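Okay, here's what each chain looks like letter by letter:
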Amino acid sequence: MIPMMFNRARVFLNRYPVARGMVTYSLLWPTGCLIQQSVTGTKWRDLDWKKCFRFFVYGGFIVAPSLYCWIRLASMMWPAQTLRSAIAKALTEQISYTPLAMTCFYFGMSLLESKTVEESFQEVKAKVPPTYKVAICIWPVLQTFNFSVVPEKNRVPFVSMCSLLWTIFLAYMKQLELEKLQQGNSLIAK
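Residues numbered from 1 in each chain as written. Predicted model: local features only at pLDDT ≥ 70, side-chain atom pairs only at ≥ 80, totals over all residues. Heavy atoms only, no water.

In this structure, Tyr-25, Trp-29 and Phe-105 are the most contacted members of the largest nonpolar core, which totals 31 residues. Contributions of two or more residues to this core are made by α2 (17-39), α3 (49-77), α5 (97-112), α6 (117-149) and α7 (155-175). It is α3 that contributes the most residues to this core, 10 residues altogether. Here Tyr-25 is in contact with Pro-30, Gly-59, Gly-60, Val-63, Ala-64, Leu-67, Val-156, Val-159, Ser-160 and Ser-163, once residues within four sequence places are set aside. (Core = buried A, V, L, I, M, F, W, Y, C linked by side-chain atoms within 4.5 Å. Buried < 20%, exposed > 50% of the residue type's maximum accessible area, 1.4 Å probe, protein only. Helix = DSSP H or I, 4+ residues; strand = E, 2+ residues; numbered from the N terminus. Contact = heavy atoms within 4.5 Å.)

This is the structure we're talking about:
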């Protein structure tokens, strides 16, 4: 019975790649959150399971479908699987999808934490710029590889595996207190 269930799940996930991405992100995002909490010294009994659940919801139901749509759109715009089209896709992603995705992440996760709309906007304003600066150094390289080497049906799972480390970073950035981040930004601006 169990092998038959696994076979049906495999057939389903192969038939519906967005579902494969949703399953992958539903596992990886809370895992990244747990790793981040562990790395920062949180003991097992003190782990924030509600935070992990928010990462599960956001990763599986927001990030995976939106990333799937972006990758499909990029593949239609640049159908060739060449280095040149991969670079075009990766750079376009960095100026279109990435800023919007980061904004939605901080805003959406803040709302899931029951913060007000104003508090959510303040978090976006404080955290998107430093997060974007890191992203622009990492994701173009990963996405160029993804778009030039990885078969289309495996692009969302590939990105999700790469994003485990990125999710750990996002979980870290998300837990930073706004006051400390804003103080750091004002020091940099001087």
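Moving on, there is more to tell.
Right, let's talk about the packing of helix α4 (residues 83-95) against α5 for a bit. Two numbers describe a pair of packed helices, the interaxial angle and the distance between the axes. At a minimum axis separation of 3 Å, α4 and α5 run at an interaxial angle of 40°. Taken as axis vectors, α4 and α5 run oblique relative to one another. Within the contact between the two elements, α4 uses Thr-92, Glu-93, Gln-94 and Ile-95 and α5 uses Tyr-97, Thr-98 and Pro-99. Per-class residue counts for the contact of α4 with α5 are three nonpolar, three polar and one charged. (Axes fitted to C-alpha atoms, helices over the stretch in contact; angles between N-to-C directions. Parallel < 35°, antiparallel > 145°, perpendicular 65-115°, else oblique. Nonpolar A, V, L, I, M, F, W, Y, C, P; charged D, E, K, R; others polar.)

Once that is clear, we can look at the pattern of salt bridges. Any two side chains of opposite charge can pair, so long as their charged atoms come close to each other. Going through the model one piece at a time under the given rule, you end up with six salt bridges. The salt bridge partner of Glu-113 is Lys-174, with a shortest N-O separation of 3.1 Å. Here the residue Glu-113 occupies a position in the loop between α5 and α6, and Lys-174 occupies one in helix α7, the gap between them amounting to 61 residues. Judged by its relative accessible area of 26%, Glu-113 is partly exposed. Linking Glu-123 and Lys-174 is a salt bridge whose minimum nitrogen-to-oxygen distance equals 2.7 Å. Here Glu-123 is found in helix α6, whereas its partner Lys-174 is found in helix α7, with 51 residues between them in sequence. Linked through salt bridges whose partners overlap, the residues forming this network are Arg-54, Glu-113, Lys-115, Glu-123, Lys-127 and Lys-174. (Salt bridge = Lys/Arg side-chain N within 4 Å of Asp/Glu carboxyl O.)

Turning our attention to the packing of aromatic side chains. The relative placement of two aromatic rings is captured by the distance of their centres and the angle of their planes. Enumeration according to the criterion identifies 16 aromatic pairs in this entry. Geometrically, the ring pair formed by Phe-107 and Phe-121 is tilted, given 5.0 Å between the ring centres and 45° between the ring planes. Residue Phe-107 is located in helix α5, and its partner Phe-121 is located in helix α6; the two are separated by 14 residues in the primary sequence. Residue classification places Phe-107 among the partly exposed residues on the basis of a relative accessible area of 21%. Take Phe-121: its relative accessible area is 48%, and that puts it in the partly exposed class. Ring centres 6.1 Å apart and planes at 85° place the aromatic pair Trp-139 and Trp-166 in the edge-to-face group. Taken together, the positions of Trp-139 in helix α6 and Trp-166 in helix α7 put the pair 27 residues apart, joining distant regions of the chain. Across the pair, Trp-166 and Trp-139 agree in class, each one buried. Every member of this aromatic cluster is reached through a ring pair, and the members are Tyr-25, Trp-29, Phe-55, Tyr-58, Phe-105 and Tyr-106. (Phe/Tyr/Trp six-rings, centres within 6.5 Å; stacked < 30°, edge-to-face > 60°.)

Bringing the packing of α2 against α3 into the picture now. For the pair α2 and α3, the least separation of the axes is 7 Å and the interaxial angle reads 145°. α3 is crossed by α2, and the crossing has right-handed handedness. For the contact of α2 with α3, the residue count by class is 19 nonpolar, six polar and one charged. (Left-handed = near helix turned anticlockwise from the far one by under 90°.)

Further remarks concern the side chain of Lys-127. The residue Lys-127 is located in helix α6 in this model. At a separation of 2.9 Å, a polar atom in the side chain of Lys-127 contacts the main-chain carbonyl oxygen of Leu-176. (Polar contact = N/O pair within 3.5 Å; in protein donor to acceptor, adjacent residues only side chain to side chain.)

Here we come to the environment of Ala-101. Within the secondary structure, Ala-101 is located in helix α5. It is 9.5 Å that separates the C-alpha atoms of Ala-101 and Ile-62, two residues lying 39 residues apart in sequence.

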